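Summary of the model geometry
What follows is each chain in one-letter form.
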Amino acid sequence: MRRRYRGTSTTDKIALWALVVTAIGLASPAVITAWQKIFPEDTATLLVEPNEQACLNRWYIPGSAPSSAQVARANSEQLAQWAREGQTVHAGILEAAVTVHGDAGSSVEVRDISVTVTHREKPAPGTVTGIDGCGSGTDEPSYLAVDLDTLPLNQPVPAAYLLRSPQQKAARQLEADQGQSVSLPHSVEEGDFYSLFLIGRTERYDTRWKATITWWDGKDMHRRTVSGRDGKDLRVVPTGDNQSS
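Residues numbered from 1 in each chain as written. Predicted model: local features only at pLDDT ≥ 70, side-chain atom pairs only at ≥ 80, totals over all residues. Heavy atoms only, no water.

**Considering unusual backbone geometry**
Residue P185 is bonded to the preceding L184 through a cis peptide linkage, with omega at 0°. Checked against the element boundaries, P185 lands in the loop between β8 (180-181) and β9 (186-188). Phi at N154 takes a positive value of approximately 60°, unusual for a residue other than glycine. Mapped onto the elements, N154 comes out in the loop between β7 (142-147) and α6 (159-162). Owing to a relative accessible area of 53%, N154 belongs among the exposed residues under this scheme. (Helix = DSSP H or I, 4+ residues; strand = E, 2+ residues; numbered from the N terminus. Buried < 20%, exposed > 50% of the residue type's maximum accessible area, 1.4 Å probe, protein only.)

**Some points on the confidence of the model for the chain**
Per-residue confidence for the chain averages 77 on the pLDDT scale, and 74% of its residues sit at or above 70. Counting interchain partners and residues more than four positions distant, the pLDDT-below-50 stretch residues 1-41 has 88 contacts. Predicted confidence is poor over residues 135-139, with pLDDT under 50, and the contacts of this stretch with residues over four places away or in other chains come to twelve contacts. (pLDDT = per-residue confidence, 0-100. Contact = heavy atoms within 4.5 Å.)

**Here's the deal with the sheet that holds β8**
Pairing in this open sheet of five strands is mixed, and the strands run β1-β4-β10-β7-β8 from one edge to the other. Across the chains shown, the open sheet's two edge strands, defined by having one partner strand only, are β1 (44-50) and β8. Relative to strand β4 (residues 93-102), β1 runs antiparallel, the two sharing seven bridges. Directly across from E49, in β4, lies its bridge partner A97. Helix α7 (residues 169-178) contacts β4, β7, β8 and β10 (193-201) of the sheet and is inclined by roughly 155° relative to β7. (Pairing = 2+ DSSP bridges. Axes fitted to C-alpha atoms, helices over the stretch in contact; angles between N-to-C directions.)

**Some details on the nonpolar core**
Core analysis: the biggest nonpolar cluster contains 28 residues, and V115, L148, L151, L198, W209 and I213 have the highest contact counts within it. Every element with two or more residues in this core is listed here: β1, β4, β5 (108-121), β7, β10, β11 (206-216) and β13 (234-237). Tallying contributions element by element places β5 first for this core, with five residues. Leaving out residues up to four positions away in the same chain, L198 has contacts with L94, E95, A96, V98, L144, W209, A211 and V226. Among the nonpolar cores identified, the runner-up in size contains eight residues, and A97, Y143, A145 and F197 belong to it. (Core = buried A, V, L, I, M, F, W, Y, C linked by side-chain atoms within 4.5 Å.)

Pasting the structure below:
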């Protein structure tokens, strides 16, 4: 899996991230206005987009449909729909593009990104499939990669621990393979963006997890949960390549 990510071109690898940022730029007034009506106390907009590109993922198929061939041919929209319906699950690695936007009239400082494993169990039998990567290249944005298997259940683990723990050494190597590790705190000026890739990986368990972004606006601390498109916890299962009993 690491070779799949390392062998991906910059253009292809950050295509999803670029689309997220572009969408924010084009729809900023509408997005921010709607967000502030729902969360009037917040001083930043947080957008999350799981990476559903076929050539950047391996997929666990718990049933007989869709087939491996259908998954290999599917576009991102179809893969996202199957993932929402539980017909496919990210295998080995789940990657999400996370973008923090400093709203009008405020600059913020991102203080922490904590990760919580909310559920783990032995994976059920199923098929794991994937296709070749998208190309080759360098110059990636910032990453926070997490080996979920080593984390305790239902306890938020801060970025400061993830970025130095010996148990996260392999995850930090994945960050180095892709670009650079996140550096916190990070200031986001009014109207500016801070974008990164959040990667959760497992070799042993069917794992559900979430992350929490914490930022300071100069007066108050704010927290927002990073979860899937449907509001449920993120989910990733092992590929079966490195499982042990």
